[in-house]
Amino acid sequence: MDSDPTTQAERKWMVRVERTLGAVAAHNHRRPALALLLAVVLAAVGGFLARNLSLNADLVDLLPASFKSVQDVHEMERRLGALGWVVVVGEGGDAASLQRFADDLAPKLEALPGIRYVEAKRPGAFFRDRALYFLSEEDLKEVHRRLEARVTWEKQQANPLYVDLVGEEPPSLDFSDLEAKYGTNAGQRLSASDGDYYLDARTRRVVLLAKPETSSADLAFSRRITDEVRTLLDAQDLKQYGPDFRTEITGTFQKKLDQQGQIARDIAVSSAVALGLLLLYLLLHFRSALAVGLVLTPVGTGLAWTYGLVAAVYGQVNLLTGFLGAILGGLGIEHGIHLLGRYLHLRGEGEPSEQATRESFTHTGGAALVSALVAALTFFVLGTSRFRAFREFGVIAGVGMLVLIVAYVLVMPALLGLASRWGWRPRHATVVTTESPTGRFLVHRRGVISAVFAVLLVALLTQAGRVRFDYDFGALQDQRLPSFLLDREVNRIIGYSQTPVVMLTDTPEDEQAVVRELQQRQRALGDKSTIDFAASLSSLIPDRQTEKQPLLAALSRLLEDVPEERLSPEQRDQLVRLRRQSQAKPFTPAELPPGVRQQFQGAGGGQSGFVLVYPSVSLSDGSAIRALAREVRGVQLPGGGRISAAGEPMVLSDILEMVTHEAPLILGGATLAVLLAMWATLGGLRLALLCLTPTVVSLLALLGLMPLMGLEFNYLNILVIPVLIGTTVDAGVHLLTRLASPSSDFVAVYSETGRAICGGLLTSAMGFGALFLADHPGLNSVGALANLGFATNLLIMLVAFPALLLVLSERRMRRRRARRDKQETPAAGPSGPRPATHTN
């Protein structure tokens, strides 16, 4: 490939960097003990710091502390205490046994340290008996009017002298219009079920709700309290409730622990499998155990340094960074394959070990440094995200890429120096000397191959418009875990969500104003409302009870005159219920059922202002959660102040808003950063654009393949796109920098570099492939999308891009010959150089 003097002049500083890399590598080759001692000491320090790294899978901690939703959650936990429940489910008995189990277990649960109270019975009977107090005075008068009309009609029908000449229909006792009017009232919703227990006779399940004292964000407390509950359950004689009776635990606390445990298992299993696959591939690639050690030792050293820094800066890993060991291992091994592959090739040509090391780290090492810098810069752009999972992933991965290059320069030459001193010479099997038949095929069929890939790319681009974003929060929380599935069943049995949004107020008057405003919004939206009902302590106490009592007394007297003998069984039941309701006395907050009253008491039993807003939508539906956040936010008090809405739905909504807002900015920033970095390091915009071409083409092809493969973007796998931009450009850099050297032969360069490119992309894919093995659906989708991206890039890098380079080289040679023919007398004989040797 021709060397452009202008380009060489532009990249003088890069040439100096490459020579420095070669000189440092040669120095470490000559003095391996000092380099290895330094590497071991740093690795030991890193390992010591990383020994206490912990996993944090809490969604609230994925947002910056400056976010209002995060601050509101912390304020809610300070004032209200734990919002979730430890839910005990008994199943496998008849209705009587289930009720007996609930009665027996409730006081034992409540006696456990760390449990504030237990809710084992519904408050429905209390509110049903006092339902008439929740009606307005006008509606109470309407109830009296309808009943009076029915009583008059019944008396007329009972009179033997009364003759109905027109066949008058009996006045209706249907109060469904009034029930619908008060359907969103908290008391009405809490009394919707006729049962006294949280019990489903069909599925033979009963539910007990235990309220802990501390938030589920405290994983140590969550583990302790669930273990105590489980120990209590294990000590019970369940056979007394039925031969097949059993218990399960779910709720917010158990779900947090299950999610944490799942991710921890995914990290352990996936990383171990990834390491095994990488070892196997390296053995097949180099066919030498020593060569495998030469590649893996710098990677292991660099990872120890990196995780030591992670422990010092962050102290923990999150949903994504827990897998960075496998990912960085795969990306780092790619550098080792190129560096060691070049060293072995030079040794095969007869170069001494130190000179081969210097040459490898000067040219191939320079290309590795460029690719590492570009990848690190891309990761750092990702690190500008406010989404903590992305930010920490970007920062740690960016630092890790640079640390791995330092580890290679320090460790690999030292190991090579020791190996050469001990008489090691690469076996023939580790040195590639044969030319690749694929390279010759590309030379002869470059035009056809380029045309075929162009047609395929156009065809795939027609499918790119079908790519969709999956708004299911299963990407962040695995909704398929047993505790999550059982939790949904518990919600169905209870009749409403266990995860309300909390509106933080200060006075009873504010509570009432917030409830009224939310009910107005709910009525205005109708079926589109995402609110089931809103409840506060003050909203559970109807107003003007003293004024309503005379109306209830009059209603009670009227009901005594109803002729029961003429009523159907259903009407008699209705009459009994109405008589009981009309005789109810006014009540105060102190008379509310303890399980209801305690929900609105702050931590430590203190009274505080809260409005609990129960959603009518699934918390796994991202679109619905965004609608819920819009519906409950911005509630304004009569005095002008605004009320904060706190809870997991608010955090989830902010995560969605942030990811969808930042994704195009990060993508554009990553692409621009990569282009500028390669322009600066490679010395020319044209060469930088050429190196970026296979990455851009493979990403466009990936977008077309996604709908065909049934893949969608989600809150986690969207980060794959900038990651692919930063990690796939190095293949083009390695190929073009090798072809840029004078007298380079395309087939020879392709045979050596293509094998290293293939190995590098495969090991990178294996690193991300660790996520593909994860049970967590979001992490699994990251691995699936990344592997599809690497596979697409591998095909384009090994077939389409080289064919394009050959076509461009041929066109350039034709233009040069045409210009030369205009200036000189045409020379006899064909032109000598092969098109394959010119690709600049």
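Relevant structure appears above.
Residues numbered from 1 in each chain as written. Predicted model: local features only at pLDDT ≥ 70, side-chain atom pairs only at ≥ 80, totals over all residues. Heavy atoms only, no water.

Visitor: Describe helix 17 (residues 446–461), and please don't skip the residues or the numbers.
Guide: Helix length check: helix 17, at 16 residues, gives a terminal C-alpha distance of 22 Å against a target of 22 Å (1.5 Å per residue), a fit within 8%. Of the residues making up helix 17, those classed as buried are Arg446, Ile449, Ser450, Phe453, Leu457 and Leu460. Around the axis of helix 17, the buried residues are gathered within 95° of arc, so they sit on the same side. Of the exposed residues in helix 17, the ones pointing more than 90 degrees away from its buried face are Val448, Val455 and Val458. Tucked inside the fold, the buried residues of helix 17 contact helix 16 (437–444), helix 25 (685–709) and helix 28 (777–823). (Helix = DSSP H or I, 4+ residues; strand = E, 2+ residues; numbered from the N terminus. Expected span 1.5 Å × (residues − 1). Buried < 20%, exposed > 50% of the residue type's maximum accessible area, 1.4 Å probe, protein only. Arc of directions from axis to C-beta. Contact = heavy atoms within 4.5 Å.)

Visitor: Explain a nonpolar patch on the surface to me, using residue names and the numbers behind them.
Guide: Residues Leu37, Val41, Val45, Phe48 and Leu49 make up a contiguous nonpolar surface patch of about 460 Å² in total accessible area. Structurally, Val41 can be placed in helix 3 (residues 32–50). Residue Val41 is classed as partly exposed on the basis of its relative accessible area, which comes to 43%. (Patch = residues over 30% accessible without salt bridge, like charges linked within 9 Å, V, L, I, M, F, W, Y side chains within 5 Å. Areas by Shrake-Rupley, 256 points an atom, 1.4 Å probe, with all protein chains shown as cover. Salt bridge = Lys/Arg side-chain N within 4 Å of Asp/Glu carboxyl O.)

Visitor: Give me the lowdown on the environment of Val403, citing residues and values where you can.
Guide: When you line up the elements, Val403 lands in helix 15 (residues 388–421). Residue classification places Val403 among the buried positions, given a relative accessible area of 12%. Separated by 31 residues in the primary sequence, Val403 and Ala372 place their C-alpha atoms 9.5 Å from one another. Discounting chain neighbours no more than four positions away, the residues touching Val403 are Gly302, Trp305, Thr306 and Leu309.

Visitor: Give me the pattern of salt bridges: which residues, what numbers.
Guide: By the definition in use, this model includes 20 salt bridges. Note that Asp227 is salt-bridged to Arg230, the shortest N-O span being 4.0 Å. In this pair, Asp227 and Arg230 both sit in helix 10 (residues 219–234), three residues apart, roughly one turn of the helix. On the accessibility criterion, Arg230 (33% relative accessible area) is partly exposed. As a salt-bridge pair, Lys548 and Asp543 come within 3.8 Å of each other at their nearest N and O atoms. For Lys548, a relative accessible area of 3% puts it in the buried group.

Visitor: Summarise unusual backbone geometry; cite the residues concerned and give the values.
Guide: One non-glycine residue, Arg204, lies in the positive phi region at around 60°. You will see that Arg544, though not glycine, has its phi angle at about 55°, which is positive. Inspection of the secondary structure puts Arg544 in the loop between strand 9 (531–536) and helix 20 (545–560). Since its relative accessible area comes to 45%, Arg544 is described here as partly exposed.

Visitor: How would you sum up helix 13 (residues 324–348)? Please name residues and give values.
Guide: Note: α-helices contain 3.6 residues per turn, so residues at a spacing of three or four share the same orientation. Counted at 1.5 Å a residue, the expected span for helix 13 with its 25 residues is 36 Å, and the 35 Å between its end C-alpha atoms agrees. Of all 25 residues in helix 13, 23 are buried; the element is thus mostly enclosed. Directly after helix 13, the chain includes Gly350, whose backbone phi takes a positive value near 100°.

Visitor: Mind laying out a positive patch on the surface, listing which residues take part and the relevant values?
Guide: A grouping of Arg686, Arg811, Arg815 and Arg819 is seen on the molecular surface, where their side chains present a positively charged patch. Element by element, the count of residues in the positive patch is highest for helix 28, at three residues. Turning to its location among the elements, Arg811 is positioned in helix 28. Classification of Arg811 as partly exposed rests on a relative accessible area of 47%. (Lys, Arg positive; Asp, Glu negative; His and termini not counted. Charge placed at Lys NZ, Arg CZ, Asp CG, Glu CD.)

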